[in-house]
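# Understanding the architecture of this molecule
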Amino acid sequence: MKKVVGLIMSLVLLFGVLAGCSNSETSGEAKGDKNVDLKVWSFTDELKEPITKFEEKNGVKIELTIVPIADYPTKLKPVLESGVGAPDVFTGEIAFLKQWVNAGYWENLSGDPYNVDELADNYVPYVFDLGKDENGDVRALSWQTTPGGIYYKRSIAKEVLGTDDPAEIGEMMTSMDKVFEVSEKMKEKGYRMFPDEGSIRWFSQGDDPQAWVNEKDELKLTDQKIEFLDYAKKLREESYTALAPEWSPSWFEAMDKPIKVKENGNETETEVFSYVLPTWGLHSVLKTNVEDSTGDWAVTSGPSPYFWGGTWLGVYNKSENKELAYDFVKMMTQDDEFLTDWAKETGDVLSYLPVTNEIKDDFSDEFLGGQNNYEFFLEQAKSIEPGIVTKYDQQLDTFYGNAVQEYVDGKKSKEEAIAEFYKKAQNAYPELKVPKK
């Protein structure tokens, strides 16, 4: 999975270019075929191999339509409403997931003959919860969990911190204050802690994550989110980052080699110590951009657990092939044999616990110096609180991301940035109760 979305989306926009979900397929809509047994729509190519296996196993033909993430919601909604050319199965992504589960396009999987509530204990709680609509009925399931961590270079850790052990490094970063202590040590040795200020956005929820909007339609900017403005500003002012915006060429380049940083008219060469990325960041970001430092990496925990991205799928409620459609959903989310092979082949961290409990002890990744990152991420997933994603997240995250950026760049004071955020939120969503500041 190569999705660049998640819990605080705008802050992705804030510090870089939103890459979308993706292998960035531009294939658009698949050609129609009257002989197909099932139609599947998605915004990523990750279903290609599973579809091939499902076809071979069941003697059926599936038509897969891949639509780039930027166009996916606008192209999918009309066909779901009209039913003309609609898919039997379609995927959803975290940025718009809560809107879609409440829209009624996906079949109610809590009802007969699916009864998936009986399987609730088989899934990582937050993943299962995210697929529920406002009435508590499950509309979509996901085969994966996407908690994050801090990936760091072992050689630099040994030189600066005296150890490269993930558990010990994690203990050094259990709070933002400790993160800054490590950052200062890195700076003293000529390294930069992170590539950019946006790296710490995932920790802005703190240990008490809360939704942007509560049940009373009240917009809540928590103390932790407000503190993030100061944390981001400090990273910039103390020269703890390499000024390499997320997803920029320099951001990728710094993974594997020293880069030049221009500050106050001076240019220096430095190396970046760590990147804050989720499960899929290992396979879809680091491994695809690193050559020289393979084996020199490890992953550990940061100040608080977080998740980033994820793909859910369900059955179209007007499909004429619901039984076969659900068979495919079941294979992707409940089939022990398929999921075991899938996890071992791709490294995807599964949300389906009967399989993860069987395979988690035997994982070892050479890129991470032999570390069992699979077990690490499953432990992180246990600490992620369900119920914090709302339909407002994508837009509010964007507004807040812009506010943080303007504060970090010195264009607005902290108070002005917050006030601008509230103003934009109120204009976009008049129904919300927004603090008057």
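Data block above holds the structure.
Quantities reported herein were computed from a predicted structural model and do not represent experimental measurements.

### Some points on helix H13 (residues 336–346)
Turning to H13, its buried residues are Phe338, Leu339, Thr340, Trp342 and Ala343. Along its buried surface, H13 packs onto helix H2 (48–58), helix H12 (322–334), helix H14 (353–359) and helix H15 (373–382). Between the side-chain oxygen at the start of H13 and the backbone nitrogen of Glu337 there is a gap of 3.1 Å, and the oxygen is on Asp335. One or two residues past the end of H13 sits Gly347, with phi positive at roughly 80°.

### Notes on the packing of H2 against H13
Direction vectors running N to C along H2 and H13 enclose 145°, while the axes themselves pass 12 Å from each other. Between H2 and H13 lies a crossing of right-handed hand. Along its contact with H2, which presents Glu49, Pro50 and Lys53, the element H13 presents Phe338, Trp342 and Glu345. Each residue belonging to the contact of H2 with H13 can be placed in one class, and the counts come to three nonpolar, no polar and three charged.

### Thoughts on the sheet that holds strand S4 (residues 62–66)
As summarised here, the arrangement of the four strands in space is S4-S3-S5-S12, forming an open sheet in which the pairing is mixed. Each edge of the open sheet carries a strand with a single partner, namely S4 and strand S12 (311–315). Neighbour-to-neighbour, the strand axes of the sheet open up by a mean angle of 20°, direction not taken into account. With respect to the sheet, helix H3 (residues 72–82) is in contact with strand S3 (38–42) and strand S5 (89–93), its orientation differing from that of S3 by roughly 150°. Lying over the sheet, H12 contacts S3, S4, S5 and S12, oriented at roughly 155° with respect to S12.

### A word on the pairing of S3
Judged by how many residues are buried, S3 sits mostly within the fold: four of five residues are covered. As judged from the five bridges shared by S3 and S4, these two strands associate in the parallel manner. Its bridge partner being in S4, Trp41 is matched across the sheet by Thr65. On the question of chirality, the crossover connecting S3 to the parallel S4 by way of H2 is right-handed. By the bridge criterion, two bridges tie S3 to S5 in an arrangement that is parallel. Across the sheet, the residue bridging to Trp41 is Phe90, located in S5.

### Some remarks on the layout of surface pockets
In this structure, the largest pocket encloses a volume near 620 Å³. Around the largest pocket sit 20 residues that line it, and Lys98, Asn102, Val389, Thr390 and Lys391 are the ones nearest its centre. Elements with a minimum of two residues in the lining of the largest pocket: helix H4 (97–101) and helix H5 (125–130). Residue composition of the lining of the largest pocket, by class: five nonpolar, six polar and nine charged.

### Thoughts on unusual backbone geometry
Residues Asp112 and Pro113 are joined by a peptide bond in cis, for which omega reads 5°. Phi angles above zero are rare outside glycine, and Asn115 is one such case at about 50°. Note that Asn115 resides in the loop between H4 and H5. Taking the relative accessible area as the measure of exposure, Asn115 reaches 22% and is therefore partly exposed. Within the chain, Leu243 stands out as a residue other than glycine whose phi angle is a positive 55°. Residue position: Leu243 is located in the loop between helix H9 (223–237) and helix H10 (249–253). A relative accessible area of 32% means that Leu243 is categorised as partly exposed.

### Points about the packing of helix H6 (residues 154–161) against helix H8 (residues 176–188)
Between H6 and H8, whose axes approach to 10 Å, the crossing angle comes to 90°. Judged by the inter-axis angle, H6 sits roughly perpendicular to H8. Packed against H6, whose contacting residues are Ile156, Val160 and Leu161, the element H8 presents Val182, Lys185 and Met186 at the interface. Looking at the contact of H6 with H8 residue by residue, the classes come out as five nonpolar, no polar and one charged.

Conventions adopted
Residues numbered from 1 in each chain as written. Predicted model: local features only at pLDDT ≥ 70, side-chain atom pairs only at ≥ 80, totals over all residues. Heavy atoms only, no water. Buried < 20%, exposed > 50% of the residue type's maximum accessible area, 1.4 Å probe, protein only. Helix = DSSP H or I, 4+ residues; strand = E, 2+ residues; numbered from the N terminus. Contact = heavy atoms within 4.5 Å. Polar contact = N/O pair within 3.5 Å; in protein donor to acceptor, adjacent residues only side chain to side chain. Axes fitted to C-alpha atoms, helices over the stretch in contact; angles between N-to-C directions. Left-handed = near helix turned anticlockwise from the far one by under 90°. Nonpolar A, V, L, I, M, F, W, Y, C, P; charged D, E, K, R; others polar. Pairing = 2+ DSSP bridges. Right-handed = clockwise from strand over helix to strand, strands pointing away. 1 Å grid on protein atoms, 1.4 Å probe; cavity = no way out; pocket = protein on both sides within 12 Å on 5 of 7 lines; lining within 4 Å. Points joined across faces, edges and corners; volume = space filled by probe spheres on them. Parallel < 35°, antiparallel > 145°, perpendicular 65-115°, else oblique.

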